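Observations on the three-dimensional arrangement
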Amino acid sequence: MPTHLTLPIPDATTMGAYLARPSGPGPHPGLLVIQEAFGVNSQIRSIADRFAAEGFVAIAPEMFHRTVPPGFEGDYNDFPAVRPHLEAMTFENNELDLRAAFDHLAADPTVDRNRIAAVGFCMGGRCAFLAN
């Protein structure tokens, strides 16, 4: 069953995240599903759900949380509107956000903390590389 979470970030912000769980008690591998430029939209939530169906506890953190309201979904036909949010991202903030998502999975008793990885789409590919 999917869940929407709010995670505390060490810089005194909070970050929304979408969490999808597989059936069964686990332990399951964990997976950070990093958004594309258009947010944690229906496409990214669907990807997390599909990974959960394959046995992963999948978390999709809202990486733009410092510049958009919770639940932001960009328009695929309006890239200029999402560009400022991409440009506002920093390595330091990405590291804080990815660590918070990782720590959430690692603390989950249904997750095998030795089997947590990341996958990303569009700009999330770079974030996944950093997270891994």
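This text follows the structure it describes.
Model, not experiment: these values are computed from the prediction. (Residues numbered from 1 in each chain as written. Predicted model: local features only at pLDDT ≥ 70, side-chain atom pairs only at ≥ 80, totals over all residues. Heavy atoms only, no water.)

Regarding the overall build of the chain
Formally: Each helix is a run of H or I in the DSSP string that is no shorter than four residues. Each strand is a run of E no shorter than two, and both are numbered from the N terminus. Each residue is placed in one exposure class: buried if its accessible area under a 1.4 Å probe, protein chains only, is under 20% of its type's maximum, exposed if it is over 50%, and partly exposed if it falls in between. Any pair of residues with heavy atoms lying within 4.5 Å of one another is described as a contacting pair. Each accessible area is a Shrake-Rupley estimate made with a 1.4 Å probe; only the visible protein chains count as cover when residues are assessed. Residues scored as charged are limited to Lys and Arg (positive) and Asp and Glu (negative), so that His and the chain ends carry no count. To locate a charge, take NZ of a lysine, CZ of an arginine, CG of an aspartate or CD of a glutamate.
Within the chain, the regular secondary structure consists of four helices and five strands. When the elements of the chain are put in sequence order from the N terminus, they spell out β-β-β-α-β-α-α-β-α. With the C-alpha coordinates of the chain rotated into their principal frame, the extents come out at 45 × 30 × 25 Å. Residues classed as buried in the chain amount to 45% of the 132 residues present. Sequence separation of at least 24 residues holds for 73% of the intrachain contacts in the chain that already meet a minimum separation of 6. Accessible area for the chain stands at about 6800 Å²; split by element, carbon and sulfur atoms hold 56% of it. Computing the positive centroid from 9 side-chain charges and the negative centroid from 15, the chain places the two 5 Å apart.

A short note on the side chain of D108
Counting through the fold element by element, D108 comes out in the loop between α3 (91-107) and β5 (111-120). Beyond its immediate sequence surroundings of up to four residues, D108 is in contact with R21 and V57.

Comments concerning the packing of α3 against helix α4 (residues 124-131)
Note the cut-off: To get an axis, fit a line to the C-alpha atoms, keeping to the stretch in contact for a helix; angles then go from 0 to 180 degrees between the N-to-C directions. In these notes the angle categories are as follows: under 35 degrees is roughly parallel, over 145 is roughly antiparallel, 65 to 115 is roughly perpendicular, and the rest is oblique. When the near helix sits turned anticlockwise from the far one by under a right angle, the crossing is termed left-handed; a clockwise turn instead gives a right-handed crossing. Three categories are distinguished: nonpolar for Ala, Val, Leu, Ile, Met, Phe, Trp, Tyr, Cys and Pro, charged for Asp, Glu, Lys and Arg, and polar for the others, with Gly belonging to the last.
For the pair α3 and α4, the least separation of the axes is 10 Å and the interaxial angle reads 70°. The pairing of α3 with α4 is recorded here as roughly perpendicular in orientation. Of the two possible hands of crossing, α3 and α4 adopt the one that is right-handed. In this structure, α3 contributes F91, N94 and L98 to the contact, and α4 contributes R126, C127, L130 and A131. Looking at the contact of α3 with α4 residue by residue, the class counts come to five nonpolar, one polar and one charged.

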